[in-house]
Amino acid sequence: MNDKLINAWNKMYEKLESWLNSIVVNLPNILIAVFVFIVALIASKYISKLARKILDKSRLQPSMKNLISKFISIAVVIIGLFLILGILNLDKALNTILAGAGVAGLAVGLALQGALANTYSGIILSYIKHIKFGDWIETNDFEGEVIDIDLRAVTIKQVDNNLVYIPNKLVVDNPIKNYSTTAQSRVILECGVGYESDLRFVEKLTKETIVSNFEAVQKKDDVLFLWREFGDSSINYELRFWINSTSALEVAKAKSETMMLMKEAYDKNNINIPFPIRTLDFPKGFDLMKKEEEEK
């Protein structure tokens, strides 16, 4: 038993000694490999910045510029890794790695379907011109300004200054409403006036108020005024006009300003904006107090 233990110890010692000798012999190569790796990391950073400066002179979207610069940075690091394998005389290991890359790539692809879909979608979003930095969009029930597009998600800043990160795949697969693709946005406001009002005068006054307070509206014909229905307590209308803005926030501000202007104009001209009311008709001779006393 002791002989077996001694024999095993001798073999382990010889193996460790051979490893140590290999490390000592290859120590210069190891140091060079570490140096090359550090240089590759630093070079990838500066080459990426240089590439970004060159790309800034092109007409590509900012998101596409970021994507290309990131790929260049990754490519520099990969080249550095290949150099390291050559320095350490691991060419055979490199061949083994390349041979197994196909099988590993298939396994990784199956395991990371969602992540790869987001990456592919991020490349698509970076290339197309329908979405770019600064656009005000609405998608997946979220609305805000696009501030970043990367390989994982689209980042939008909402009106309340909160950031929302939407996976790229959801943005590509679902409808997108981009308020910034046109030079103007439409303001739509619904209101109602009392039944005693002069409807033609109300329409004229409303259009004049809009024309005199919004620069984008040049004449009365630019304001669309439509009477919609006879409501329970008011005659309701819909007001539509354009403003020079592509931001949903500016549209909301314009709508708010319109409400204040209409209230002021209507108050000056004794036009009533009624709130919902109900009229109760009792049978003739009905006495509510008497009825309550009988019930008691």
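Residues numbered from 1 in each chain as written. Predicted model: local features only at pLDDT ≥ 70, side-chain atom pairs only at ≥ 80, totals over all residues. Heavy atoms only, no water.

1. Details of the overall build of the protein
Scanning the protein for helices and strands turns up nine helices and eight strands. Here the protein holds 296 residues, and 29% of them are scored as buried. In the protein, 62% of the contacts between residues at least 6 apart in sequence involve partners at least 24 apart. Carbon together with sulfur atoms contributes 61% to the accessible area of the protein, which is approximately 20700 Å² in total. (Helix = DSSP H or I, 4+ residues; strand = E, 2+ residues; numbered from the N terminus. Buried < 20%, exposed > 50% of the residue type's maximum accessible area, 1.4 Å probe, protein only. Contact = heavy atoms within 4.5 Å. Areas by Shrake-Rupley, 256 points an atom, 1.4 Å probe, with all protein chains shown as cover.)

2. Details of the layout of surface pockets
When its volume is computed, the largest pocket comes out at roughly 220 Å³. Around the largest pocket sit E143, K177, N178, Y179, T181, T182, Q184, S185, R186, A248, V251 and A252, which together line it. Listing elements by their share of the lining of the largest pocket, those giving two or more residues are β5 (176-178), β6 (185-193) and α8 (248-268). Along the lines of polarity and charge, the residues of the lining of the largest pocket split into four nonpolar, five polar and three charged. (1 Å grid on protein atoms, 1.4 Å probe; cavity = no way out; pocket = protein on both sides within 12 Å on 5 of 7 lines; lining within 4 Å. Points joined across faces, edges and corners; volume = space filled by probe spheres on them. Nonpolar A, V, L, I, M, F, W, Y, C, P; charged D, E, K, R; others polar.)

3. With respect to α8
Given a rise of 1.5 Å per residue, 21 residues ought to cover 30 Å, and the 31 Å separating the end C-alpha atoms of α8 matches this to within 8%. Taken together, the buried positions of α8 are occupied by A248, V251, A254, T258, L261, M262, A265 and Y266. Projected down its long axis, α8 shows its buried positions confined to an angular sector of 130°, all on one face. Its buried side turned inward, α8 meets β1 (136-139), β2 (142-149), β6, α7 (199-213) and β8 (235-243). Once α8 finishes, N270 follows within two positions and takes phi at roughly 55°, a positive value. (Expected span 1.5 Å × (residues − 1). Arc of directions from axis to C-beta.)

4. Some remarks on the sheet that holds strand β7 (residues 224-230)
The pairing of strands in a sheet happens through backbone hydrogen bonds and is either parallel or antiparallel. Read across the sheet, three strands follow the order β6-β8-β7 without closing on themselves; strand pairing throughout is antiparallel. At either end of the open sheet lies a strand with only one pairing partner, and these are β6 and β7. Taken pair by pair, the neighbouring strands of this sheet meet at an average axis angle of 20°, ignoring direction. Packing against the sheet, α7 makes contact with β6, β7 and β8, and its axis sits at approximately 140° to β7. (Pairing = 2+ DSSP bridges. Axes fitted to C-alpha atoms, helices over the stretch in contact; angles between N-to-C directions.)

5. Regarding the pairing of strand β4 (residues 163-167)
With burial as the criterion, only one face of β4 is covered, namely that bearing V164 and I166; the residues L163, Y165 and P167 on the opposite face remain uncovered. Bridge analysis of strand β3 (residues 153-157) against β4 gives five bridges, and the strand direction is antiparallel. Bridge pairing in β4 places T155 opposite Y165.

6. Details of the side chain of N236
Residue placement: N236 occurs in strand β8. You can call N236 buried: its relative accessible area is 18%. Excluding residues within four positions of it along the chain, N236 makes contact with C191, G192, W227, R228, E229 and G231.

7. Digging into the nonpolar core
Ranked by size, the top nonpolar core spans 22 residues in total, and within it I210, F214, Y237, L239, F241, I243 and Y266 carry the most contacts. The set of elements that each furnish at least two residues to this core consists of β6, α7, β8 and α8. In terms of residue count, α8 provides more of this core than any other element does, six residues in total. If we skip the residues at most four places from it in the chain, I210 touches V217, V223, L239, F241, T258 and M262. Formed by nine residues, the second largest nonpolar core is a distinct cluster that contains I137, I149, V164 and I166. (Core = buried A, V, L, I, M, F, W, Y, C linked by side-chain atoms within 4.5 Å.)

8. Some remarks on the side chain of T258
Locating T258 in the fold gives a position in helix α8. When its relative accessible area of 0% is taken as the criterion, T258 is described as buried. Separated by 2.7 Å, the side chain of T258 and the backbone oxygen of A254 make a polar contact. The residues touching T258, leaving out its near neighbours within four places in the chain, are L189, I210, F214, L239 and F241. (Polar contact = N/O pair within 3.5 Å; in protein donor to acceptor, adjacent residues only side chain to side chain.)

9. Remarks on the packing of aromatic side chains
Under the definition given, this model contains five aromatic pairs. Residues Y195 and F230 carry aromatic rings whose centres are separated by 6.2 Å and whose planes lie at 20° to one another, so their mutual orientation is stacked. Placement of the pair is Y195 in the loop between β6 and α7 and F230 in strand β7, with a sequence separation of 35 residues. On the basis of relative accessible area, Y195 is assigned to the partly exposed category, the value being 41%. Taking the centre distance of 5.0 Å and the plane angle of 75° together, the rings of F225 and W227 count as edge-to-face. On the basis of relative accessibility, which here comes to 7%, the residue F225 falls in the buried class. Linked through ring pairs, F225, W227 and Y237 together constitute an aromatic cluster. Looking at K49, its charged tip hangs above the ring of Y46, at a distance of 5.8 Å from the centre. (Phe/Tyr/Trp six-rings, centres within 6.5 Å; stacked < 30°, edge-to-face > 60°. Lys NZ or Arg CZ within 6 Å of the ring centre and 35° of its normal.)

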